[in-house]
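# An overview of the molecular structure
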Amino acid sequence: MSYRWLISTVVILIICNVYHAQVHKRMKFFIGTWQYENLPGFEVWTINGNEIAGQGYRIKNGKDTVLIETMRVVMESNKLVLYARVGSENDGKEIRFEESKSRKYKFVNESHDFPKSIYYHFRKFRRKRVQVLLNHPHKDTHTKPIVMRKMR
């Protein structure tokens, strides 16, 4: 009986490591510190266990650093899912955005008021710059791109 338990445990660990590796492999471009080019602030993305964790900071009054949002990306049912929490918005709850299969790094939640989608666009040969587009549901367009440059 303990032999079956050992085999089951090993299989579960292998499956968890495969999902863990898939998240890290698919999100490797996110890891690091990203400085906003058109806003005073930055984002920090790190590996945190079996997920990729991000924190968004704004710089107030030219010197105070304030945490604005926390994010995490996990693998659920073979799909990347982004969870975002912005201060006290949405009663302080995380909002879930599912990966859209139509584009790489596009996360969608049609039932959320704003944004309906978050799209990270990495240039093919310039992986150290990313544009972030937020879908504006009332205008059926995206907001002005937030451009970030990788610091380290």
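Summarised in this report is the structure supplied together with it. All residue numbers refer to position in the chain's written sequence, counted from 1. Per-residue local features are limited, in this predicted model, to residues with pLDDT of at least 70; the limit for side-chain atom pairs, both in listing and counting, is 80 or more; totals at the level of whole chains, interfaces and linings are taken over all residues. For side-chain calculations, the full set of non-hydrogen atoms in the structure is used, while hydrogens and water are omitted.

### Re the layout of surface pockets
Both site types are read off a 1 Å grid over the protein atoms alone. A 1.4 Å probe that fits but cannot get out defines a cavity, while an open set with protein on both sides within 12 Å along at least five of seven lines defines a pocket; lining residues have an atom within 4 Å of a point. Grid points are joined across faces, edges and corners, and a volume is the space filled by probe spheres set on the points. Each pocket or cavity is described by its volume, and for the largest pocket that value is around 400 Å³. Lining the largest pocket are 20 residues; nearest its centre among them are Glu69, Val86, Pro115, Ile118 and Leu134. For the lining of the largest pocket, the elements supplying multiple residues, two or more each, are strand E4 (64-76), strand E5 (79-86), strand E6 (95-99), strand E8 (117-122) and strand E9 (129-136). Here a helix means four or more residues in a row that DSSP labels H or I, a strand means two or more in a row labelled E, and each is numbered from the N terminus. Residue contributions to the lining of the largest pocket peak at three residues, all from E4. Across the lining of the largest pocket, the residue classes break down as 14 nonpolar, two polar and four charged. Only Asp, Glu, Lys and Arg are considered charged, only Ala, Val, Leu, Ile, Met, Phe, Trp, Tyr, Cys and Pro nonpolar, and every remaining residue, Gly among them, polar.

### Remarks on the packing of aromatic side chains
Planes of paired rings set the category: under 30 degrees apart is stacked, over 60 is edge-to-face and the rest tilted, where pairs are Phe, Tyr or Trp rings (Trp by its six-membered ring) whose centres lie within 6.5 Å. Scanning all chains against the criterion turns up five aromatic pairs. Their ring planes at 70° and their centres at 5.3 Å tell us that Phe30 and Trp45 sit as a pair that is edge-to-face. Of this pair, Phe30 sits in the loop between helix H1 (2-26) and strand E1 (32-36) while Trp45 sits in strand E2 (residues 41-48), and the two are 15 residues apart along the sequence. As far as burial versus exposure is concerned, Phe30 and Trp45 are alike and both buried. Arranged with centres 5.0 Å apart and planes meeting at 25°, the rings of Phe42 and Tyr57 form a pair that is stacked. One end of the pair, Phe42, is in strand E2; the other, Tyr57, is in strand E3 (residues 51-60), and 15 residues separate them in sequence. With relative accessibility at 18%, the residue Phe42 sits in the buried group. When accessible area is computed with a 1.4 Å probe and restricted to protein chains, residues below 20% of their type maximum are described as buried, those above 50% as exposed, and intermediate ones as partly exposed. Assessed through its relative accessible area of 22%, Tyr57 is described here as partly exposed. Among the aromatic residues, ring-to-ring pairing joins Phe30, Trp45, Tyr105 and Tyr120 into one connected group. Directly above the ring of Tyr83 sits Arg72, whose terminal nitrogen or CZ lies 4.3 Å from the centroid. Whether a charge lies above a ring is judged from NZ of Lys or CZ of Arg, which has to be within 6 Å of the ring centre and within 35 degrees of the ring normal.

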